Amino acid sequence: MNKQHTRPSSPASPPSGPLTIEEVAAALAPLADQFPPILSLEQAAKLSHYTPGSLKKLVSQDRFPDSAIRARPLRFWRDRFVLEIANNATSPRRSAKPFEEPAKDASADSARKETRQR
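Described in the following lines is the structure provided in the data block.

The rules behind these values
All residue numbers here refer to positions counted from 1 along the written sequence of the relevant chain. With pLDDT at 70 or above as the cut-off, local features in this predicted model cover only qualifying residues; side-chain atom pairs require 80 or more to be listed or tallied, and sums for whole chains, interfaces and linings still use all residues. With hydrogens and water stripped out, all remaining heavy atoms of the structure feed into the side-chain values. To qualify as a helix, a DSSP run of H or I must reach at least 4 residues; to qualify as a strand, a run of E must reach at least 2; elements of each kind are numbered from the N terminus. Any two strands are treated as partners once DSSP identifies two or more bridges connecting them. Residue contacts are defined here by distance: any two heavy atoms, one from each residue, within 4.5 Å place the two residues in contact. Axis definition: a line fitted to C-alpha atoms, limited for helices to the stretch in contact. Angles are taken between N-to-C directions and run from 0 to 180 degrees. Each polar contact in these results corresponds to two N or O atoms within 3.5 Å; when the atoms are within protein, one needs to be able to donate a hydrogen and the other to accept it, and residues that are neighboring in sequence are counted only if both atoms are side-chain atoms. Any angle that is under 35 degrees is reported as roughly parallel, and any over 145 degrees as roughly antiparallel; angles of 65 to 115 degrees are reported as roughly perpendicular and all others as oblique. By the definition used in this description, the sense in which the near helix is turned from the far one sets the handedness, with an anticlockwise turn below a right angle giving left-handed and a clockwise turn giving right-handed. Lys, Arg, Asp and Glu make up the charged group, whereas Ala, Val, Leu, Ile, Met, Phe, Trp, Tyr, Cys and Pro make up the nonpolar group; the residues left over, Gly among them, are polar. Each aromatic pair joins two rings of Phe, Tyr and Trp (for Trp, the six-membered one) with centres within 6.5 Å, and gets the label stacked for planes under 30 degrees apart, edge-to-face for over 60, and tilted for any other angle. Lysine NZ or arginine CZ positioned within 6 Å of the ring centre and within 35 degrees of the ring normal marks a charge as sitting over the ring.

## Remarks on unusual backbone geometry
Between Arg72 and Pro73 the backbone carries a cis peptide bond, its omega angle lying at 0°. Its identity is not glycine, yet His49 carries a phi of approximately 65°, on the positive side. With respect to the element layout, His49 can be found in the loop between α2 (41-48) and α3 (52-60). Of note, the phi angle at Asp62 is positive, near 60°, even though the residue is not glycine.

## Focus on the sheet that holds strand β3 (residues 75-77)
If you trace the 3 strands from one edge of the open sheet to the other, you get β1-β3-β2, paired in antiparallel fashion. Where the open sheet ends on each side, the last strands, each with one partner, are β1 (38-40) and β2 (68-69). Each of β1 and β3 touches α2; the most contacted strand, β1, lies at about 95° to it.

## Digging into the side chain of Arg78
Examined against the element boundaries, Arg78 turns out to sit in helix α4 (residues 78-88). Here Asp79 takes part through its side chain, which lies 2.8 Å from a polar atom of the side chain of Arg78. Residues in contact with Arg78, not counting those within four places in the same chain, are Leu28, Ala32, Phe35, Pro36, Pro37, Leu39 and Leu47.

## Some thoughts on the packing of helix α1 (residues 21-28) against α4
Where α1 contacts α4, the axes come no closer than 9 Å and their chain directions differ by 115°. Taken together, the axis directions place α1 and α4 in an arrangement best described as roughly perpendicular. In this structure, α1 crosses over α4, and the sense of that crossing is right-handed. Seen from α1, the contacting residues are Ile21, Val24, Ala25 and Leu28; seen from α4, they are Arg78, Asp79, Arg80, Val82 and Leu83. The residue inventory of the contact of α1 with α4, partitioned by class, reads 6 nonpolar, no polar and 3 charged.

## Structural notes on the packing of aromatic side chains
In the structure shown here, the tally under the stated rule is 3 aromatic pairs. Taking 4.8 Å as the distance between ring centres and 50° as the angle between the ring planes, the aromatic pair formed by Phe76 and Phe81 counts as tilted. Sitting above the plane of the Trp77 ring, Arg80 keeps its charged end 5.7 Å from the centroid.

That is the geometry; function is a separate question.
Below, the structure written as structure tokens:
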């Protein structure tokens, strides 16, 4: 008889699918003294590894609609902030659209060549 060997799932294995608020809260509970439920801009930057300036820019682009508290000073709901980072997983350097070369105009190219030859 052939027995299929299946690897037992360990409790430390990452779950599949998007994170839940309960998972984030449980993971950050031991760090509550360092990262309280409401984060300052500096704490959010430290937690996310973004610079404070990048976070301000991302908030202005509405990248953290559920976690940013748009007031002075800027604050973040910790668990929602981690959820938005983890579940959206977008990089600030990645553009929404892939780069497309502008269409070349043949007459403009020939005009440039003529001016270079002069």
